[in-house]
Structures are given as C-alpha cells and as structure tokens.
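# Tertiary structure, described
What follows is the residue order along each chain.
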Amino acid sequence: MKRLLLTGSSGYLGQRVLRAAQGWEVTAAYFSRPPGGQFQAVALDLRDGPAVRAALRAARPDAIIHTACSNRNAEQIRAIRPAAAHLAQFAAETGVRLVHVSTDLVFDGEQAPYTDEAPLSPLGDYGQAKAEAEAIVRRACPNAVIVRPSLIWGLDPLDHQTRWLAEAARSGGPATLFTDEIRCPVFVADLAEALLELSARPEVAGPLNAGGAQALNRWAFGLRLLAALGLPAGANITPGTSRAAGLVRARDQTLAPGRARRELRAPLRGVDEALAAINT
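Here goes a summary of the coordinates provided. (Residues numbered from 1 in each chain as written. Predicted model: local features only at pLDDT ≥ 70, side-chain atom pairs only at ≥ 80, totals over all residues. Heavy atoms only, no water.)

## Overview of the packing of aromatic side chains
Within the structure shown, the criterion is met by 3 aromatic pairs. Ring geometry for F107 versus Y114: centroids 4.3 Å apart, planes at 10°, classification stacked. Each member of the pair, F107 as well as Y114, is classed as buried. Each ring, one from W153 and one from F221, has its centre 6.2 Å from the other, and the planes form 75°; the classification is edge-to-face. Here F221 lies in helix α7 (residues 218-228) and W153 lies in strand β7 (residues 152-153), a separation of 68 residues in the sequence. (Phe/Tyr/Trp six-rings, centres within 6.5 Å; stacked < 30°, edge-to-face > 60°. Buried < 20%, exposed > 50% of the residue type's maximum accessible area, 1.4 Å probe, protein only. Helix = DSSP H or I, 4+ residues; strand = E, 2+ residues; numbered from the N terminus.)

## A few points about the packing of helix α3 (residues 74-94) against helix α4 (residues 125-140)
Axis separation between α3 and α4 bottoms out at 9 Å; the angle between their running directions is 10°. Overall, the two elements α3 and α4 adopt an arrangement that is roughly parallel. Considering only the axes of α3 and α4, their crossing is right-handed. Along the contact surface, α3 presents I77, I80, R81, A84, A85, A88 and A92, while α4 presents D125, Y126, Q128, A129, K130, E132, A133, I136, V137 and A140. (Axes fitted to C-alpha atoms, helices over the stretch in contact; angles between N-to-C directions. Parallel < 35°, antiparallel > 145°, perpendicular 65-115°, else oblique. Left-handed = near helix turned anticlockwise from the far one by under 90°. Contact = heavy atoms within 4.5 Å.)

## Regarding the nonpolar core
Core analysis: the biggest nonpolar cluster contains 31 residues, and V17, I65, V147, L195 and L196 have the highest contact counts within it. Residue assignment for this core shows that the elements contributing at least two residues are β1 (2-7), α1 (12-20), β2 (24-30), β4 (63-66), β5 (97-101), β6 (145-149), α6 (188-199) and β11 (206-210). At 7 residues, the largest contribution of residues to this core is made by α6. (Core = buried A, V, L, I, M, F, W, Y, C linked by side-chain atoms within 4.5 Å.)

## Quick word on the side chain of T103
Following the sequence through the fold, T103 ends up in the loop between β5 and α4. For T103, a relative accessible area of 6% translates into the label buried. At 3.4 Å, the side chain of T103 forms a polar contact with the side chain of D104. Here the side chain of T103 touches L105 through a polar contact of 3.0 Å, landing on its backbone nitrogen. Apart from the residues within four sequence positions on either side, T103 is in contact with Y126, K130, V147, R148 and P149. (Polar contact = N/O pair within 3.5 Å; in protein donor to acceptor, adjacent residues only side chain to side chain.)

Following this line, the structure appears as structure tokens:
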C-alpha cells in the first residue's frame, strides 16, 4: 500500500481528503488539533525545517498532499512560505511526489479568464504569500504539481462560509453577498478526489487551475446554497458590492478550463451539477 503524508489534516479540505483516501496508508499531520479517526496522526509545525525533515523521514511517504496554512490569521499566512520551502526541498531531494495546494487568489481579478500559465498578480497578503510559495515550489521541485482551487464548498459538513450564511438565514442576522466578485466554486469532494489522483500521477507537474466548471458571483452562489439547505433568503440576506463596502478584492477570478479538464479523471463539477448530484 502506498504511503501518503497529508498536511492540514484537521482542516476542511484535509478532513475530506482523509475520508476519500482509500488505498493509502495515511500519516495525518496537524498543527494544533488532531484530525480524529483511525489514522496515524503527527503534530507538526511546518515552519520548523528539522522537524519537518524528521517527520517525513519517519513517515517515508510516496506522496505529500500539502493543504495546510490558510488565510484565517496572520500567523497562518506567515507560515505559507517556509512550509512550502521545507516540503519542496524534501520532495526534491527524495523524489517524493508533492501535490501543493495554492489558490486562485494569486490572480488580481482584472484579466479573467485565467489560464494555468497566466502571470501571477496577487492583491492581498494571503495571495502574495501563496504566489511566493508557488515560486518556491517551482524552483525547488519542478516535478511538483501546484493545484489552484477557487472557493471550496460542501454541505456535509458545511464549509465555513456556508455555515456563516446558514446561521444568518436562521437567526435573521445581516449577511451581504457581493455581486461584483466572481469565483469558480469547487465542490470539496471533487477537489479531494483530484488531489488523491494527482498524488499517484507524477507525470502531471506545474500549475493546474482547479476551480469548478461554473463561474458565479457570491450572491448567485449564496442563493443556490440556501435553496439547497431549504433556508429562505430573507430581507436580511442582501446583495452588495465589495467596492461599496470599501474593500479591495479581486473582482473576476474565473479560471479557464485547461489542464484539469484535459488530464484529470476526477470531475471538477460546477455548483449546479454538484447540487443536482447531491439531491438525487
């Protein structure tokens, strides 16, 4: 059985990868909260190079899926670059397959649709850190694949943003959904399957956009999710714009269908298609 080391195993995407990792012997790396389940779990600070090297030598993985380091806080963002460097260096030295998860926020939203090889042009600190991590991985480990998902969503369990929206719908609290921010939301189960497929396909290297097949603005996306949950979009759920809110955000992050469509067996379905499958 092939061995997999998964970083960010207690996160939303990491948990789904664990659920889908049939046929893999998994070492589940986490920072502060163990993932639970029948997996070999290891506490690991990815900023600590010697600790990373020791953990990887002990796990002896055939592949690494790196989902850790989110945009939740400044500490997580600061960890993005060193984590990428330590994992990429080990993968390059040992020949271990590296699947590095990035984001569509490496683009500024002004030149959509974005191809896999489009120039990076991040706006915020998180996008900048992710863009620099991509460069680190490409230099250190050219055989790695760099996967760029868009908004990651799911209903079982709810992702963070959908949970926030559902709580607002139930409580009557205010929730504004932007009409001027377009993304390609990707269903978490589809993305997990794609990452596991890529772990066993070392011939696929370089950047690979992994958005869902349907571009939607935040308002249209949110209404679909509320309908799927059987929740009313009351008067407290309102459309708005990021510009009116005084925010500087990428406007159109539409990802052009490219290598993912050509090369992956795992589908990256649009929201409507994924919801239809859930409801059947």
